[in-house]
Amino acid sequence: MNNTLLSVCIALLFAIGTFMILRRDMIKVVIGITVLSHATNLLIVSTGAFLGGRAPIITSDDAGSPSGIIFTDDLASGILAPVIPEGTEMVFVDPLVQALTLTAIVISLAITAFLLILCYRIYQEHGTTDVSEIRRLKG
Amino acid sequence: MDTMQQVPMILIALPIIFAAITVLFRSKSGLQKALNIGVFAILFVMSLSLLFHVWNNGILVYEVGEWGKYGILLVADLLGAGMVVLSSLISLMAMIYATDYMDRKALDATFFPLFNLMAAGLNGIFLTGDIFNMFVFFEVLVLSSCGLIVLTGRGDHTKMADKLEAIFKYLILNMVSIILMLVAIASLYATVGTLNMADIAVKIAYLAETGTLPWHIHVIAMMLIVVFGYKAALFPLHFWLADVHPSAPAPIHAMLSGMVIKVGVYGILRVHYLIFQESMFMLQPVLILLSLVTIAVGATSAVGQYDLKRLLAYSSVSQIGYVLLGVGMGTAYALTAAMVYLVNHAIAKSMLFLATGETLYHAGTKDIRKMGGFVQSAPFLSVIFLIGAMSIAGLPPTGGFFAKLVLFDAGLGAEYYIPIGIALVFAIFTLFYLFRTWLSIFWGEVKEHDKEDTYKSRNPTIAIKISLALLACVVIFLGVYPEPLIVLSSTIAEQLLDPQPYIAAVLERSVR
Amino acid sequence: MTTLITKTVSKACVPIIILFSVSLLFAGHDLPGGGFIGGVMFASAISLLYVAFGLKYIDSIYSYQWDKWFGAGLLLASLTGFGAMLFGYNFLRSLYMLVSLPLLGDVKLLSTTLFDIGVYLVVIGSLLYVFKGTGEDE
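In short, a report on the structure. Every value quoted in this text rests on a predicted model; they were computed, and no experiment measured them. The written sequence of each chain sets the order in which its residues are numbered from 1. As a convention, the first chain written is A and the first ligand written is 1, with the rest following in written order. Residues qualify for local features only when their pLDDT is at least 70, as the model is predicted, and side-chain atom pairs are given and counted only at 80 or more; totals for whole chains, interfaces and linings, by contrast, use all residues. To get the side-chain values, take all heavy atoms of the structure and skip hydrogens and water.

1. Topic: the packing of aromatic side chains
The way to describe two aromatic rings as a pair is by their centre distance and the angle between their planes.
All names here are of chain B.
Moving on, step 1. Side-chain rings of Phe, Tyr and Trp, where Trp is taken by its six-membered ring, are said to pair if the distance between their centres is within 6.5 Å; with planes under 30 degrees apart they count as stacked, over 60 as edge-to-face, and otherwise as tilted. Counted by the stated rule, this structure contains 23 aromatic pairs over all chains.
Moving on, step 2. Both rings, one in Phe385 and one in Phe442, keep their centres 5.4 Å apart while their planes meet at 55 degrees; by these two values the pair is tilted. Of this pair, Phe385 sits in helix H16 (residues 379-393) while Phe442 is found in helix H18 (residues 417-442), placing the two residues 57 residues apart along the sequence.
Moving on, step 3. Given a relative accessible area of 0%, Phe385 falls into the buried group.
Moving on, step 4. Here the term buried applies to any residue with accessible area under 20% of the maximum for its type, exposed to any over 50%, and partly exposed to those in between, with areas from a 1.4 Å probe on protein chains only. The exposure class of Phe442 is buried, given its relative accessible area of 0%.
Moving on, step 5. Among the aromatic residues, those joined into a cluster by ring pairs are Phe374, Phe385, Trp438, Phe442 and Trp443.
Moving on, step 6. Seen from the ring of Tyr306, Arg369 lies directly overhead, with NZ or CZ sitting 4.0 Å from the centre.
Moving on, step 7. Sitting over the face of the ring of Phe380, Lys465 holds its NZ or CZ atom 5.6 Å from the ring centroid. Helix numbers and strand numbers start at the N terminus; a helix is a DSSP run of H or I with at least 4 residues, a strand a run of E with at least 2. Two limits define a charge over a ring: the Lys NZ or Arg CZ must be within 6 Å of the ring centre, and within 35 degrees of the ring normal.

Set out below in structure tokens:
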């Protein structure tokens, strides 16, 4: 995918999420949190090298093939970021960012489930989902 | 030696296993109580042995799963092991206290599994050597503490509607801060291509040496200050604390105010002093300014409170400002002072909160104006509360005296005269509101005479007395014999300012 | 929601979904799949049953305590980690061996499969516990 398009997409998602968590309805706030965490997941995936490579699924056919250098730990030649050095062929995309995103998705699933149930219980106690009406504790 | 190697992992895995076991054997709360007190006692002993091991043999690095270079590392250095000892001590005492304090229904339902998960989260944060794992353990900690806030205890006069509202606030704000942390981690990964904190530190030092440090490293450092500042309730981000902490039952309140807000301080000490040493020159003035405002806002808000738990919660805000003042000043002596202050505040504040829970149960209300003269009906609680208040206010012979003394001495030594002056003024505020509170609760007239018989029937049980007395002994011990703590803290401060041993230990271990 | 069409379709679908979730569970580690995905799939199948037939009807046949599944899964996953310690390796160190079975041919036995089954049970237990807990509220 085009890099610029991806950045604009992430930025838009962040904007939408920020707008939604400033709403007064609790459910909209939860939706905003979800959108924000998806924007973050996209951001994490975009930090790894991903152009042109295959998904990092290693089958037995790949056992002998070169592993595809994504990141060489060579401080002396100034290579730091997970970029592809000149002249190496990239076989697999960076698997680490995908693992990070999977973890982040699982965590945001748990948080979202918790938040939705919390909203339901608050609705039962207060009879409304408007944040400004349930405000009893004063900062 | 070989068994000592495994201790960092066991400290995290054992509470998780017992969380599972306590889910499977719910509704046998008699068995559960004995089992869990046993587990937390084992954890405390193991964390102490880990601290002694690290003190004698140097930093201990543990590779989870032996995945080689990019594996998950647990690093137990003096700071991490020391924090684990502190958290194990407080969670052991809170657990002993909670067995008698919490409602039977809460004990049968979710108290034990969630408390175990909370302990696992705390130990994980203090022992991990990987910044993404720190995020994962933050989430474990936050979700389990949200579940614990809902539970009820016998001295807990908060309505369920208020608890739910507080949790909603806590969780939404926490989610925003966690998303900021993830963005910071992603940017850090895009810049240096690793998540191991020692490795990041090496690479950022290399970038700074060659003069190619990208400017967004400073932005990442500031984002992480916001994240950890939220956890530690630093000034513009402190407002949730006074709602959330008082809603929790007393043992959880003690854990939240004693340990969970210290997690933010630990994060700043670990991440910023290890990784972002290049940006500290611009962050230190900000930290000092914000911590002074935190001290002022917390102390002045506490003076006007009549709700006992809210008063002490604002006092926590104010006290965490003192710790961050030491962190912000950043000299070796000031970091020593910050560590001493952190330990003393954690122990004294959790003791004060445990005593508060029992006082509220004794009084049957949480309004200070309706209490009075409890020194006759609850002499034990009055002594414990007095020791806690003296330690927080900084009077000898308690540990709080040395904490304040070392902090002010360090500030004057580093020529921060105006910040120390301001901090001193608000220390007098602390003295004022704590002793006004103690006098109005335990001294003076008994407000409602007809209730005196009910007061007599609501006295602490043996388990509660044991936990309070042990914590009081620790507070007095730290005040009478503070040398071990100060020596340990100054070694930690030296290691923080010179992270080379930490980096060497991690890198030597992980390159295979 | 409890129309005849939903009931008939879910009767046909649920066994297939459960089979698919189990196959996803065992395909994991090297190929796409694993405990989390499989668990979510299984939980969605059971929640389809709950939606189609109603909680009370399902409970009248057999009342599951999903939180026990959660505890069992967490115990299994963490004990798998400790299993490596018994053999003198670090926590969560995995190993595999190739076994030839009569009908299935060469099968790769991984110790991470046990961990994955634990995750599977945790996901099923927590999702369905939440689902049932909110559904039971009148």
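There is more to say, and it comes next.
2. Brief notes about the packing of H16(B) against H18(B)
Between two packed helices, what matters for the description is the angle formed by their axes and the separation of those axes.
Residues and elements named next belong to chain B.
Moving on, step 1. Only the stretch in contact is used when fitting a helix axis, every axis being a line fitted to C-alpha atoms; angles between N-to-C directions are given from 0 to 180 degrees. It is at 9 Å that the axes of H16 and H18 come closest, and there the two elements cross at 170 degrees. Here H16 lies roughly antiparallel to H18, going by the angle between them. Each of Leu381, Ser382, Phe385, Leu386, Ala389, Met390, Ile392 and Ala393 in H16 lies in contact with H18, whose residues at this interface are Thr430, Leu431, Leu434, Phe435, Trp438 and Phe442.
Moving on, step 2. Residue composition of the contact of H16 with H18, grouped by class: twelve nonpolar, two polar and no charged. Just so you know how the angles are binned, under 35 degrees is roughly parallel, over 145 roughly antiparallel, 65 to 115 roughly perpendicular, and the rest oblique. In this analysis, two residues are considered to be in contact whenever any of their non-hydrogen atoms come within 4.5 Å of each other. Classification used: nonpolar for Ala, Val, Leu, Ile, Met, Phe, Trp, Tyr, Cys and Pro, charged for Asp, Glu, Lys and Arg, polar for all others including Gly.

3. Things to note about unusual backbone geometry
All names here are of chain B.
Moving on, step 1. In this structure, the amide linkage connecting Pro396 to the following residue, Pro397, adopts the cis form with an omega of 5 degrees.
Moving on, step 2. Counting through the fold element by element, Pro397 comes out in the loop between H16 and helix H17 (399-413).
Moving on, step 3. Its identity is not glycine, yet Ala233 carries a phi of approximately 60 degrees, on the positive side.
Moving on, step 4. You can see Ala233 is positioned in the loop between helix H8 (216-232) and helix H9 (241-247).
Moving on, step 5. Under the relative-accessibility criterion, Ala233 is labelled buried at 0%.

4. Quick word on the packing of helix H3 (residues 95-126) of chain A against helix H6 (residues 160-192) of chain B
Moving on, step 1. Following both chains from N to C, one finds H3(A) and H6(B) inclined at 165 degrees, their axes separated by 10 Å at the closest point. Between H3(A) and H6(B), the angle is such that the two are roughly antiparallel. Crossing handedness for the pair H3(A) and H6(B): left-handed.
Moving on, step 2. For the contact of H3(A) with H6(B), a count of residues per class yields 19 nonpolar, two polar and three charged. The sense of a crossing depends on the near helix, which, turned anticlockwise from the far helix by less than a right angle, makes the crossing left-handed and, turned clockwise, makes it right-handed.

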